[in-house]
Each structure stands twice: as structure tokens, then as C-alpha cells.
Amino acid sequence: MEPQQRSPLLEVRGNIELKKPLIKAPSRLPLPGTRFKRGPDQMEDALEPEKKRTRGLDTVTKIATSQSRAPAITARTQTQNQITAPKVPKKTGPRCSTAIAMVLKNQKSGPAVPAQKPGAAAPPMVGGRKPTKRPAWDLKGQLCDLNAELKCCRERTQTLAQENQQLQDQLREAQQQAKARGAECRTLEGELARVQAQAEQGQQELGSLRARVLELEEQQCTQEGLLRELQKEQLGLQEERRGLAARLEEQERRLQASEAALSGSQAEVASLRQEATGQAALLVEQGERLHGLEMERRRLHNQLQELKGNIRVFCRVRPVLPGEPTPPPSFLLFPSGPGGPADPPTRLSVSRCDERRGTLSGAPAPATRHDFSFDRVFPPGSRQDEVFEEIAMLVQSALDGYPVCIFAYGQTGSGKTFTMEGGPGRDPQVEGLIPRALRHLFSVAQELGGQGWTYSFVASYVEIYNETVRDLLATGPRKGQGGECEIRRAGPGSEELTVTNARYVPVSCEKEVEALLHLAHQNRAVARTSQNERSSRSHSVFQLQISGEHTGRGLQCGASLNLVDLAGSERLDPSLALGPGERDRLRETQAINSSLSTLGLVIMALSNKESHIPYRNSKLTYLLQNSLGGSAKMLMFVNISPLEENVSESLNSLRFASKVQLPPGPGPVRTPGCL
């Protein structure tokens, strides 16, 4: 930015300040009363006695002191002039400024060199350089120097007095000019204040006018925007009015068409009502027919199962496990069925070599072959789904109201538990009969719900160990206590049997069944035998009570599905375990064989239609008596080992199964399941 120019008002104020009295510079003349006031002759007379003492040290010191006084006075005068000079005001007029500048220039000049007195001896020069100091004994020369300096000072004083007079004249003139310019400045200041007030008032009026203009412009813009919106709204309303008029015309035409169609629809509605009445009657008729077909299906299904045999026997050979010896190919043979290789096998041939027998020539005797025939034979490669497919219709009979009992019989390690419960883990490919049967029942019950049937399922799981009933679903303090469970009638005059203090758990999905199976598997009694590291030493009985109801027709049906995993059937010697528990294992084996023998006697008595059935000889047959006789369906899986070393136990199991098998045909008649 450019520097601001000095205003005239400030210059006038500077001139006014010049009215202050100036401070006079001190004189350079020697002060009165000093010894320099004497004349030269008096000075010489006064100094004459001193010459006599020049040799003393005190005399030299005094002379040196007197010589240094003159320069001190000069220096003091110059210092006072330098201090006083800046006090002169700087803000003056042109003429006053020039005079002050001249005074300052004269004061800053160095001290005048005193003129050398004529006839005085000058200080000696050494090699053309500055004169050296006079010696102490040259008092006359020193006196001459002082006189010359005094003269010079007097001349200087006269010059300064003249300059001072001139400066005072200039100052008076400058003060007069300052007064005139001060009056002029005050006049200009008044006029300037008036002009500034007018300018400020004009600026305020201009600002208010500008604000008013902006306000009016904003109002104008608002009004214009509102006008445009109103115009748009007007155009929209006009367009909407035209649209509404067109729609009104269209609605009037449609109303006329609707009125014309209404008359036709009323006639059509009357026709549809008649048709709906006919459809309702037809629906009732179809419902009756569907119900009749369902009851006929149940009757035919039961008749088909009876034709197949109310007591059936399936044989299943487990596969060879890793680490076991592979049997010879001729050990087990599976001849084709009556229809050829396409039919599932129903026969089994077991070859046995007896090393104790021999011919007269000493050669080993030929192998003896034992042939057996069952309702179905499953080779070692059979899958779990193939096995369940054969019993799915039997499980359906339980849902239709007929008791069903399925056994898994065989020696220890023949695959009974695998057939009933499945393998370890939750692999769907190795699921056993129990989870597959429950899934099938839940699915079919949901389908029958569309026909008005509702089903409920209650599950229980017990084991019979040494003729003692234990609850496998017990938890907490009751876990493992079997003395509290007893088999009793459900009520006076009732044929239904129940286990006291056992848990009966309602189930409705597969996950609930899986949880029950897992709990029962943990609670079941097992032990190590010579045939298996973990042998089931008890009969496990999974019972599912099925209750169905058709509220629309007042029909009810109920039955139980029993899935039994029997304990290992071995003779006493092979299954005895060494150690301190030998007597316990012996007692377990005796109880197992006794109950299995009773089961065989009960089945044989039923097949021979004897009047007395020995149900009470065993806790197992007593618990299952309602699912063994009458219209009940019974299926026994005989499981055998594929190993040649177990051929003796396998033959015993096959012979036991052959005894309980009935020829196909209608069995004992019992009251139908649906009431």
C-alpha cells in the first residue's frame, strides 16, 4: 500500500507546538571564579613558585591535572548540545525547519581548533606526525595553548549568540504562522465534521434505500414464483378436470355395461349356486367313498399282511468287518428265489466242516451243508433302506390300528443293534429301523390329516436285565434303578399293560426320537464278552403308543409298535469272561437264554393255537403279550455272522428262527384296530 499523505491539520498542530520556549544550550566559556580568568602575566606569576618544585612527584601530578581541564570543558559543552538539540519540535513550517536544521548542523560540527598564538612555540613534530604532548616543564607553552583555546571559545560564543538571535526571530515568525494556520485548521475541521456528518447521513439513507430495494426485489421474486406455481396448478387442474370428465364418461359407459352384465350374472349366480349344491353333495359322496376306500385299503392291507403271515422271519447276514478273516466263497450261499435271479433271495445255505470226522482212508470228511428257507434273506451287501423297505408295510399296519412287534435276534456281534438303531454318528445312510419307522409314521400321519385323521405318538424305552425292568429314559437320581419299574395293568378290567415309574414321552418329530435313542444308548447295560468288546446284556424294548381319531365320523384307532433288540444268544462256554465278574456274566447268560427260550415257546404255542400261552414265564413275553397274539403282526430278524469261526452259533440262531416261522396264510383272528 502507498504511504498516506500527511494531512494539513497535523502540520498546523506541529507549528503550534513551536510556541514552547526553547532550551538554551549551555555556554562553552569558562565558569566565573575559575583560575582561567587571570591574565597571562598573573598566570605566569602564580606558576613561578611551582617551577622550583618540578622535581617532586606532587608537582607533576598537579600540572597534569591542570592541563586536562580544558578538553573536559569542551567535551561537556558538546554533550549538553547533543542532549538539548533533539528537544526541538520536528513539526514546523518550512522556514522554521530550515533554521533548526542549520542550528543542529552547527552544533554537530567538531570543536574549533584554537588558533596558535603568534610567537608561541609550537609543539615539536616527530617524523611529520601529530605534535606530541608538551613536556611537563614547558609551562609557558601550555599557557599559550590555553590562551589560544580561550580565544577560540570566545569567538565561538559570539557566533552562537548571533545564531541564537536569528533562531529566536525565526521562531517568533513560525509561531505567528502557526497561529494563523491553527485558526484556518479549526475552520477546516468544522467544515470537515459537517461534511462527514452529511456523508454519514447520506450513507445511512443509501443503505436503507438499498435494503428496501432488496426487500422489494425479494417480494417481487416471491410473488413471481407464487404466480408461476398458481399458473402450473391451474394448468394441472384444468388437465385433471378434462381427465375426470373423460373418466366420468368412461364410468358411465362401464356402468351401463355392468348393469347389462349384472342381469346376466345374477342368472349365472343362480346356476352356480345350483351347481355348488350339487358339488357339495358330490363332495360328501366323494368323502364317503374316500373313507370307504381308506377302510377298504386298511382291510386289504391287513389281509395281505396276514397272507404273508402274521409271524414272519427275515434273515440278515452282516458284512465282514475290517480286520476279520475273509470266509471261503462256499461257506454261505444265497440261492435264487422262485422267480429267478430277479426275485429277492429267500434261502440260505451254510457249509460246515467237522475236523473230528473223517473217512476210513484218513481223508477229512466232506463239508456238511445246511439249507434254510425264510420269508426274506438279506446278503451282507444289503443296505439299511432295503431292509426297511421290506417292513414299511408292516409299520403301516401299526398306524392302521394293528399291533406290530419286530425282534432282532442273534448272537453277540451279529449286527442286531445296528439293524434296530443304526450305526454311530448321524449318517442317514446307516439309520436303523427305529428312526426310519418313526419318520415313516410321521409322514403318513400328516398325509392322513387331510382326510380328517389326527394322530398322537407316545414313546417309551425300557430294558429287561436279569428279569428286572429298567427305564432307559430315566434321568437324575432314578437313572439306573430298575427295582421301581413293574409291569401292571393300566386299570381294572383293562387289557393294556404299562410299566410303572417309566417315562412316557410324547414325540412329534424326528429330532425328539433321536434324543431319546441317544439317552437310551447311554443307559443300556453292556459288558465285555469273548465274542464282543461291548455286548448288549439286556433286552431293549422301544414301544410307541399310536392313537388316531377322526372327529368328523367319531372313529378311533390305537395300537403299539414294538421294536425289540434282544440280548446276545450264546451258549454258556463261549461267552464266559475271565476275571472276578465271572459269576455275574454266568447269571446274565442264564437269564438271557431263559427269556429267549420262553419267547420261542410262546411263538410256537401261538402258531399251534394252544389254549394256554406261557406269557408270564418271562418279563419280556409278559410285556409284549398284547403284540404277539390275535391280529398282531410279528417279525423276527435273525442276524448271523459271516465268519466261519462262528458257524456253530449261526446254526443255532437259524434253527431257532426256523422253529418260530409259520407257513403263509391267515393267522388267529382278533378284533380290528379301528372302532
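The name recorded for the chain in an unreviewed UniProt entry is Kinesin-like protein, from Vulpes vulpes. Looking at the Subunit (unreviewed entry) heading of the UniProt record, one finds this comment for the chain: "Binds NUBP1 and NUBP2. Interacts with PPP1R42." The UniProt entry for the chain carries the following comment under Function (unreviewed entry): "Minus end-directed microtubule-dependent motor required for bipolar spindle formation. May contribute to movement of early endocytic vesicles. Regulates cilium formation and structure."

Caption draft 1: Representation of the pairing of strand E16 (residues 633-640) in the model. In terms of burial, E16 is a largely internal element, eight of the eight residues being buried. Looking at chain direction, strand E1 (residues 311-317) and E16 are connected through seven bridges and run parallel. By the bridge assignment, Ile311 is partnered in E16 with Met634.

Caption draft 2: Representation of the UniProt feature "binding site: ATP" (unreviewed entry) in the chain within the structure. In the numbering adopted here, UniProt assigns the feature "binding site: ATP" (unreviewed entry) to Gly410, Gln411, Thr412, Gly413, Ser414, Gly415, Lys416 and Thr417. Secondary-structure assignment places Gly413 in the loop between strand E6 (404-410) and helix H8 (416-421). Gly413 gets classed as partly exposed once you look at its relative accessible area, which sits at 32%.

Caption draft 3: How the structure looks around the packing of aromatic side chains. Counted by the stated rule, this structure contains eight aromatic pairs. Relative to Phe378, the ring of Phe314 has its centre 5.9 Å away and its plane inclined at 70°; by these criteria the two rings are edge-to-face. Here Phe314, found in strand E1, pairs with Phe378, found in strand E5 (residues 376-378); they are 64 residues apart in sequence, far enough to count as distant. Accessibility expressed as a relative area gives 0% for Phe378, which makes it buried. Where Phe372 meets Phe374, the ring centres are 6.4 Å apart and the plane angle is 10°; that geometry is what we call stacked. By way of ring pairs, the aromatic residues Phe314, Phe378 and Phe637 are connected into one cluster.

Caption draft 4: Geometry of the pairing of strand E14 (residues 539-550). Of all 12 residues making up E14, nine are buried, and the element is well covered by its neighbours. When strand E7 (residues 453-465) meets E14, the two strands line up antiparallel, connected through 12 bridges. Directly across from Glu463, in E14, lies its bridge partner Ser540. Pairing between E14 and strand E15 (residues 555-565): 11 bridges, direction antiparallel. Across the sheet, Gln543 pairs through a bridge with Asn562, a residue of E15. Hairpin connection, E14 to E15: the antiparallel pair is bridged by four residues, and Gly554 has positive phi, about 70°.

Procedures and definitions
Residues numbered from 1 in each chain as written. Predicted model: local features only at pLDDT ≥ 70, side-chain atom pairs only at ≥ 80, totals over all residues. Heavy atoms only, no water. UniProt positions renumbered as here; feature names shortened; annotations may be inferred. Buried < 20%, exposed > 50% of the residue type's maximum accessible area, 1.4 Å probe, protein only. Helix = DSSP H or I, 4+ residues; strand = E, 2+ residues; numbered from the N terminus. Pairing = 2+ DSSP bridges. Phe/Tyr/Trp six-rings, centres within 6.5 Å; stacked < 30°, edge-to-face > 60°.

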